[in-house]
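The residues making up each chain are set out below.
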Amino acid sequence: METNLERNKVDCYKCKTKIADPQLYRFQQCLFHTRCFVCSRCNTPLDVNMTYLDEALETVTCEVCYHDSLDRCTKCEQEIIGQIIQVDGNRRYHKECFVCYKCKKQLCEYGEFEGQIYCPSDYHKMIGPKCTKCNNVILPDKTLTIQTFKFKDNVYHSKCFVC
């Protein structure tokens, strides 16, 4: 808390009116009326050492509300601070948690099968069509195109489709 040295020179960060109180709060580079230095979510008076500023939203929150507001990782259920990978709008991951369910490699592209995420290679191995002749999965080429040959109700690799 500071004295009124800076009073009447600046606006309160929260209410945007001139500070005329005999005392004010300074948090980082922001000044507040005493009555305005409260959590924007729960209205609890704030402690300078346990306060979080969201400059984009122009809000300050207490430590409890700050942690409650953080996204949680779908995989590890821990708070995500920093980079978030969002899948389908409602699932969020730490970058290090966004890995293939089978081979554990970091993902850029993914496929989903039975609620798990997979790299394209493992995904296609599970759901790709199987060659009638060799019984192996027909994997996509480098352009992610699956080249198959069909005869009657059978599917073949191009190399396995011989007369």
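Our subject is the structure listed above.
Scope of this entry: the structure provided in the associated data block. (Residues numbered from 1 in each chain as written. Predicted model: local features only at pLDDT ≥ 70, side-chain atom pairs only at ≥ 80, totals over all residues. Heavy atoms only, no water.)

1. Some thoughts on the pairing of strand β4 (residues 59-62)
Moving residue by residue along a regular strand, the side chains alternate between the two faces of the sheet.
And step 1. Pairing geometry for strand β3 (residues 51-54) and β4, over 4 bridges, is antiparallel. Bridge pairing in β4 links Leu53 to Val60. (Pairing = 2+ DSSP bridges. Helix = DSSP H or I, 4+ residues; strand = E, 2+ residues; numbered from the N terminus.)

2. Re the pairing of strand β1 (residues 24-27)
And step 1. Bridge analysis of β1 against strand β2 (residues 30-33) gives 4 bridges, and the strand direction is antiparallel. When the sheet's bridge partners are listed, Leu24 is paired in β2 with His33.
And step 2. Here β1 folds back onto β2 in antiparallel fashion, the turn holding 2 residues, of which Gln28 has a positive phi close to 50 degrees.

3. Considerations on the packing of aromatic side chains
And step 1. Enumeration over the complete set of coordinates arrives at 8 aromatic pairs.
And step 2. When the centroid spacing of 5.3 Å and the interplanar angle of 55 degrees are considered together, the rings of Tyr93 and Phe98 count as tilted.
And step 3. Given the relative accessible area of 3%, Phe98 is considered buried.
And step 4. On the basis of an interplanar angle of 80 degrees and a centroid distance of 5.6 Å, the ring pair of Phe98 and Tyr110 is categorised as edge-to-face. One end of the pair, Phe98, is in the loop between β6 (91-93) and β7 (111-113); the other, Tyr110, is in the loop between β6 and β7, and 12 residues separate them in sequence.
And step 5. Among the aromatic residues, those joined into a cluster by ring pairs are Tyr13, Tyr25, Phe27, Phe32 and Phe37.
And step 6. Of note, Lys16 hangs over the ring of Tyr13, and the distance from its end group to the ring centre comes to 4.7 Å.
And step 7. The ring of Tyr101 carries Lys104 above its face, with NZ or CZ at 5.1 Å from the centroid. (Phe/Tyr/Trp six-rings, centres within 6.5 Å; stacked < 30°, edge-to-face > 60°. Buried < 20%, exposed > 50% of the residue type's maximum accessible area, 1.4 Å probe, protein only. Lys NZ or Arg CZ within 6 Å of the ring centre and 35° of its normal.)

4. Side note on the environment of Phe98
And step 1. In this structure the C-alpha to C-alpha distance between Phe98 and Val87, which are 11 residues apart in sequence, comes to 9.8 Å.
And step 2. In this structure, Phe98 is in contact with Ile85, Val87, Tyr93, Lys105, Gln106, Leu107, Tyr110 and Ile117, ignoring residues within four places of it in sequence. (Contact = heavy atoms within 4.5 Å.)

5. Re the nonpolar core
And step 1. Ranked by size, the top nonpolar core spans 17 residues in total, and within it Phe27, Phe32, Phe37, Leu46, Leu53 and Val60 carry the most contacts.
And step 2. Elements represented by at least two residues in this core include exactly β1, β2 and β4.
And step 3. Setting aside chain neighbours within four positions, we find Phe32 in contact with Cys12, Tyr13, Lys14, Ile19, Leu24, Tyr25, Phe27, Phe37 and Val60.
And step 4. In this structure, Tyr93, Leu107, Tyr118 and Tyr123 belong to the second largest nonpolar core, which totals 13 residues. (Core = buried A, V, L, I, M, F, W, Y, C linked by side-chain atoms within 4.5 Å.)

6. Some thoughts on the environment of Thr59
And step 1. Here Thr59 lies in strand β4.
And step 2. Between the C-alpha atoms of Thr59 and Tyr13, which are 46 residues apart in sequence, the distance is 8.6 Å.
And step 3. Contact partners of Thr59, with chain neighbours within four places excluded, come to Tyr13, Ser40, Tyr52, Leu53 and Asp54.

7. Focus on unusual backbone geometry
And step 1. Positive phi outside glycine occurs at Lys16, with the angle close to 65 degrees.
And step 2. Inspection of the secondary structure puts Lys16 in the segment before β1.

So, to be careful, I would describe these as geometric facts and stop short of saying anything about function.
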